[in-house]
Amino acid sequence: MLALLKRDLYLALYSSSSFFYTSSFFVLVLIILPFLFGTNNVQLQVLFKGIIWIGLSLSILLTMERIFNADYEDGNLDIIIQRYPSLETIIISKYITHWLVYCLPLFIILPILSFLFYVSLDNFFLIFLNLFFGSLGMVFIVTFVSALTLGAKRTIFLKAIIVIPLFVPFLIFGTNLESWPILLALSMMSFVLSIYVSAYGLRLYVE
Amino acid sequence: MNELKIEDLTCYRGENLVLKDLNTKLKSGETLVIRGSNGSGKTTLLRALSNFIKSYNGTIFFNDKNVLEDTNYRLSFNFVGQKNSLKDNLSVKNNLKLWEIIYQKNISYSKILEDFNMSHLVERDVGSLSDGQKKCISLLRLNFTESKIWYLDEPFVFLDEENSQILIQKIKNFNTNNGIVIITSNINLQNTFTNEIKI
């Protein structure tokens, strides 16, 4: 598993733009807000709690092609599956690297964004917890959808149609600052579902 | 002495029968060329032999062990498919580095590239290489493991005369070191490798 993690992190490092894709997209979505709704402090704080979830959802959705599809299309998935026969190990390493490469940068810039949107320190920690658990669950969801639709080309709209309804519970509870335990539970359920369905998807591909 | 034995192999892709009752046996130092038209099941056969496809009728034995039950079998072979397993946006060196991590083997990039006289390409982006150059680099994966069998799916596609001869020599050297090779090909290789079956 460590070799797989190292390989995926090197891959992200070599294509260094990967680290900036989601965070720059996330920032751009948030920057649009004051232009649309003005710079009233209270209004911005309320909007911030909701719009970060839209930013996070879109960021994760737009990068889901990179979980398995890139390796599938160039043939690297064959090598990985041959060398590491445990599909579950491959899937877990994908969860970790996808979160580290595409979600961690969001958490690094989150304090600055919170400051710009006048979010209090107490609220910031709750937003952080919500986003942390929510982002894990969302990564589990896009991973299994990515595995199930492996080999289907130009289907980003189809994938979005499958994924967005599954994101809805995270969005509903995510905007409530006290509901991080529910998000944690949702993420745990997503993990259990995801590990089985992703392995099934990869098995279908291999066959 | 290693032995690969295929007994009554029948394989379906979806509902289509692509291989029927295939029987053959290969020993150390032998190369088998599988010829057939497009869609005849050559790649399917290689993927079954490589344990990617597991739902087939018949049995594949390696050293008298059923490959479906032998957990060490996956380390016995090297499969080079039609896809190059290269990232177009990375340099040749970085692609080799990624393979190095997967195969957990340290190699000298310049030395390995000398096989196909490509040392000068080490810093080039793969996306800027020709299909033939990409194919040569993808075949370098054969150097990353100490395998006993090579499964090569259409390895001569895109290769020029010079690189085809280099590959033939590599295969013959591998045979000399007791390696077994199975090649699928559309082109006639009977002058080079006499052991051939048509499917």
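Residues numbered from 1 in each chain as written. Chains lettered and ligands numbered in written order. Predicted model: local features only at pLDDT ≥ 70, side-chain atom pairs only at ≥ 80, totals over all residues.

Engineer: So what's going on with the pairing of strand S8 (residues 180–185) of chain B? Residues and values would help.
Structural biologist: All names here are of chain B. Burial analysis of S8 places five of its six residues in the buried class, which makes it a mostly covered element. One ladder, built from five bridges, connects strand S3 (residues 31–35) with S8; its direction is parallel. If you follow Thr31 over to S8, its bridge partner there is Val181. Where strand S7 (residues 149–153) meets S8, five bridges bridge the pair, whose relative direction is parallel. (Buried ≥ 20, exposed ≤ 12 C-beta atoms within 10 Å, placed from the backbone. Helix = DSSP H or I, 4+ residues; strand = E, 2+ residues; numbered from the N terminus. Pairing = 2+ DSSP bridges.)

Engineer: Describe the interface of chain B and chain A, with residues and values.
Structural biologist: Across the contact, 22 residues belong to chain B and 18 residues belong to chain A. Per-element accounting of the side of chain B that touches chain A gives the leading share, six residues, to helix H2 (residues 92–103) of chain B. Looking at the side of chain B that touches chain A residue by residue, the class counts come to nine nonpolar, eight polar and five charged. (Contact = placed C-beta atoms within 7 Å. Nonpolar A, V, L, I, M, F, W, Y, C, P; charged D, E, K, R; others polar.)

Engineer: Pulling in residues and values, what's your account of the sheet that holds S8 of chain B?
Structural biologist: Residues and elements named next belong to chain B. Sheet architecture is open: five strands sit in the order S6-S7-S8-S3-S9, paired in parallel fashion. A strand with exactly one partner marks an edge of an open sheet, and here the two such strands are strand S6 (77–80) and strand S9 (196–198). In this sheet, neighbouring strand axes are inclined to one another by 15 degrees on average, regardless of whether the strands run parallel or antiparallel. In the sheet, S3 pairs with S9 via three bridges, with the strands oriented parallel. Paired with Ile34 across the two strands is Ile197, which belongs to S9. Across the face of the sheet, helix H1 (residues 42–49) comes into contact with S3, S6, S7 and S8 while running at roughly 155 degrees to S8. (Axes fitted to C-alpha atoms, helices over the stretch in contact; angles between N-to-C directions.)

Engineer: Go over the sheet that holds strand S5 (residues 65–66) of chain B with me, naming the residues and quoting the values.
Structural biologist: Residues and elements named next belong to chain B. Reading across the sheet, the four strands line up as S2-S1-S4-S5 and stay open at both edges, with antiparallel pairing between neighbours. Looking at which strands have only one partner, the edges of the open sheet turn out to be strand S2 (16–27) and S5. Across eight bridges, the pairing between strand S1 (residues 3–13) and S2 is antiparallel. Following the sheet pairing, Lys5 is matched in S2 by Lys25. In the packing of H1 onto the sheet, contacts are made with S1, S2 and strand S4 (57–62), and the angle to S1 comes to roughly 125 degrees.

Engineer: I'd like a rundown of the confidence of the model for chain B, residues and numbers included.
Structural biologist: All names here are of chain B. Confidence in the prediction of chain B, expressed as mean pLDDT, is 87, and 100% of residues score 70 or more. When mean pLDDT is compared element by element in chain B, S7 scores highest at 92, while S9 scores lowest at 78. Reported for the predicted complex are a pTM of 0.87 and an ipTM of 0.86. (pLDDT = per-residue confidence, 0-100.)

Engineer: Quick one: what's the story with the packing of helix H1 (residues 2–14) of chain A against helix H6 (residues 87–116) of chain A, residue by residue and with numbers?
Structural biologist: Residue and element names in this part refer to chain A. The contact between H1 and H6 brings their axes to 9 Å, and the two run at 35 degrees. Crossing handedness for the pair H1 and H6: right-handed. Along the contact surface, H1 presents Leu4, Leu5, Asp8, Leu9 and Ala12, while H6 presents Ile90, Ser93, Ile96, Thr97, Leu100 and Val101. Residues belonging to the contact of H1 with H6 are distributed by class as follows: eight nonpolar, two polar and one charged. (Left-handed = near helix turned anticlockwise from the far one by under 90°.)

Engineer: An account of unusual backbone geometry is requested, with residue identities and associated values reported.
Structural biologist: Residues and elements named next belong to chain B. Within the chain, Asn117 stands out as a residue other than glycine whose phi angle is a positive 55 degrees. Its location among the elements puts Asn117 in the loop between helix H3 (109–113) and helix H4 (131–139). Residue Glu154 is not a glycine yet carries a positive backbone phi of 45 degrees.

Engineer: So, the nonpolar core: which residues are in play, and what are the values?
Structural biologist: Inside soluble globular proteins, nonpolar side chains tend to come together where they are buried. With 96 residues, the main nonpolar core has Met138, Ile141 and Val142 of chain A together with Leu9, Tyr151 and Val181 of chain B as its most contacted residues. When residues of this core are assigned to their parent elements, the largest contribution, twelve residues, is made by helix H7 (residues 121–148) of chain A. When sequence neighbours within four positions are dropped, the list of residues in contact with Ile141 of chain A reads Val163, Leu166, Phe167, Ser190 and Ser194 of chain A. (Core = buried A, V, L, I, M, F, W, Y, C linked by C-beta atoms within 7 Å.)

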